[in-house]
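# Tertiary structure, described
Listed here are the chains, written in short residue letters.
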Amino acid sequence: SAVISQKPSRDICQRGTSLTIQCQVDSQVTMMFWYRQQPGQSLTLIATANQGSEATYESGFVIDKFPISRPNLTFSTLTVSNMSPEDSSIYLCSVELAPGGANVLTFGAGSRLTVL
Amino acid sequence: DAKTTQPTSMDCAEGRAANLPCNHSTISGNEYVYWYRQIHSQGPQYIIHGLKNNETNEMASLIITEDRKSSTLILPHATLRDTAVYYCIVWNTGTASKLTFGTGTRLQVTL
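Definitions and cut-offs
- Per-chain numbering applies: the sequence of each chain, read as written, is numbered from 1 onward.
- Numbering of ligands from 1 and lettering of chains from A proceed in the order in which they are written.
- Local features are withheld for residues below a pLDDT of 70 in this predicted model, meaning they are given only at 70 or higher, and side-chain atom pairs are given and counted only at 80 or more; totals for whole chains, interfaces and linings count all residues.
- Based on all heavy atoms of the structure, the side-chain values leave hydrogens and waters out of the count.
- The way it works is that DSSP assigns letters per residue, a run of H or I at least four long becomes a helix, a run of E at least two long becomes a strand, and they are numbered from the N terminus.
- This radius of gyration counts C-alpha atoms alone. The globule rule is 2.2 Å times how many residues there are, raised to the power 0.38.
- By definition, disulfides here are pairs of cysteine sulfur atoms that lie within 2.5 Å.
- By the convention used here, residues are in contact when the closest approach between their heavy atoms is within 4.5 Å.
- The pairing criterion is simple: DSSP has to find at least two bridges between the two strands.
- For helices, the fitted axis covers only the stretch in contact; all axes are lines through C-alpha atoms, and the angles between them, taken along N-to-C directions, range from 0 to 180 degrees.
- Accessible area that two parts lose when put together, with a 1.4 Å probe and added across both, is what the buried area reports.
- Within this document, salt bridges are pairs made up of a side-chain nitrogen of Lys or Arg and a carboxyl oxygen of Asp or Glu, the two lying within 4 Å of each other.
- As used in this structure description, the phrase polar contact means that two N or O atoms lie within 3.5 Å; if the pair is within protein, one of them must be able to donate a hydrogen and the other to accept it, and residues adjacent in sequence are counted only when both atoms belong to side chains.
- Just so you know the grouping, Ala, Val, Leu, Ile, Met, Phe, Trp, Tyr, Cys and Pro go in nonpolar, Asp, Glu, Lys and Arg go in charged, and all remaining residues, Gly too, go in polar.

## Brief notes about the overall build of chain A
Helices and strands together make up the secondary structure of chain A, namely zero helices and 11 strands. Helices and strands appear in chain A in the N-to-C order β-β-β-β-β-β-β-β-β-β-β. For 116 residues, the compact-globule estimate of 2.2 N^0.38 gives 13 Å, and chain A sits close to it at 14 Å. On the principal axes, the C-alpha backbone points of chain A span a range of 45 × 25 × 25 Å.

## Considering the state of the cysteines
Residue and element names in this part refer to chain A. Under the defined criterion, the tally for this structure stands at two disulfides over all chains. Linked covalently through their sulfurs, cysteine 23 and cysteine 93 form a disulfide whose S-S length is 1.9 Å. Measuring handedness by torsion sign, the sulfur bridge of cysteine 23 and cysteine 93 sits at about -65° and is left-handed. Here cysteine 23 is found in strand E3 (residues 19-25), whereas its partner cysteine 93 is found in strand E9 (residues 89-97), with 70 residues between them in sequence.

## Topic: the side chain of threonine 48 of chain A
With respect to the helices, strands and loops of the structure, threonine 48 of chain A is situated in strand E5 (residues 43-50). Beyond its immediate stretch of four places on either side in the chain, threonine 48 of chain A contacts Met31, Met32, Phe33, Ala55 and Thr56 of chain A together with Lys98 of chain B.

## Describing the sheet that holds strand E1 (residues 9-13) of chain B
All names here are of chain B. The strand order E1-E9-E8-E3-E4 describes an open sheet built from five strands, whose pairing is mixed. Both outer strands of the open sheet, E1 and strand E4 (45-50), are each paired with one neighbouring strand and no more. Taken over all neighbouring pairs, the strand axes of this sheet differ in orientation by 25° on average, direction set aside. By the bridge criterion, five bridges tie strand E3 (residues 32-38) to E4 in an arrangement that is antiparallel. Counterpart to valine 33 in the pairing with E4 is glycine 50.

## A closer look at the environment of glycine 15 of chain B
All names here are of chain B. In this fold, glycine 15 is placed in the loop between E1 and strand E2 (18-23). Spatially, the C-alpha atoms of glycine 15 and leucine 111 are 8.7 Å apart, while their sequence positions differ by 96 residues. Residues contacting glycine 15, with those up to four places away along its chain left out, are Pro76, His77 and Ala78.

## Details of the interface of chain A and chain B
The interface of chain A with chain B comprises 18 residues on the first partner and 17 residues on the second. Both faces combined, the contact of chain A with chain B buries some 1,300 Å², and carbon together with sulfur accounts for 58% of it. On inspection of chain A and its partner chain B, the count reaches zero salt bridges. Our count for the contact surface shared by chain A and chain B stands at five residue pairs in polar contact (both at pLDDT 80 or more). Of all the secondary-structure elements, those providing two or more residues to the side of chain A that touches chain B are strand E4 (31-37), E5, E9 and strand E10 (104-107) of chain A. Here the residues of the side of chain A that touches chain B sort into nine nonpolar, six polar and three charged.

## As for the sheet that holds strand E8 (residues 75-80) of chain A
Residue and element names in this part refer to chain A. The four strands are arranged E1-E3-E8-E7 in an open sheet whose pairing can be described as antiparallel. Here the strands that pair on one side only, and so sit at the sheet edges, are strand E1 (4-7) and strand E7 (68-72). The mean inter-strand angle of the sheet, taken between neighbouring strand axes irrespective of direction, is 15°. Across four bridges, the pairing between E1 and E3 is antiparallel. The partner of serine 5 across the bridge, within E3, is glutamine 24.

## Remarks on unusual backbone geometry
Residue and element names in this part refer to chain A. Proline 8 follows lysine 7 through a cis peptide bond whose omega is -5°. Within the secondary structure, proline 8 sits in the loop between E1 and strand E2 (10-13). A positive phi is found at asparagine 82, a non-glycine position, where the angle reads about 45°. Along the polypeptide, asparagine 82 turns up in the loop between E8 and E9.

Pasting the structure below:
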């Protein structure tokens, strides 16, 4: 399975600032996904990022708030813009692979963001 | 909306089998049943998946009813390290559909 590295693992930020989260994969992947997990909640998909095209955002998430870059097949970034305390969450990167023909999503360890 | 229903929480004694149920009565013919778990402060971890046949791997067994409207994840000998939130998900991997997480079952393994 793929190894996914996310940076930062955690951060504390001030209201109104922006933070960029990096996701590095040790193999080339077509599809990368960004999820958010608010405190005590399940995971919610933010957007799908394919290399060479604009990210596709889920309902309730917009590009101005969560701009995503996907410069190559092993890397992506998610920016949380103009942060408020409601953005305090764990942000997770994941990739879809098909080892042995079975589609599986592999997740990074997440980036825990606290906004004061 | 998630297409699955799971109990909110369950307890299991260490060394015993943990049987986690999941209802997915609206599952369509080309949707697989996937199970993931999330140990505290970590990303979700893939466990197992199946279409209609029962499946077993080194982590768990998956039993899917004949009508595919429900399934059970079995951890044969639960350990304290199996304490986690377990998510049952239906996913059509052949399309652009996304992996949608429900609320999951919080499994507490006790001594």
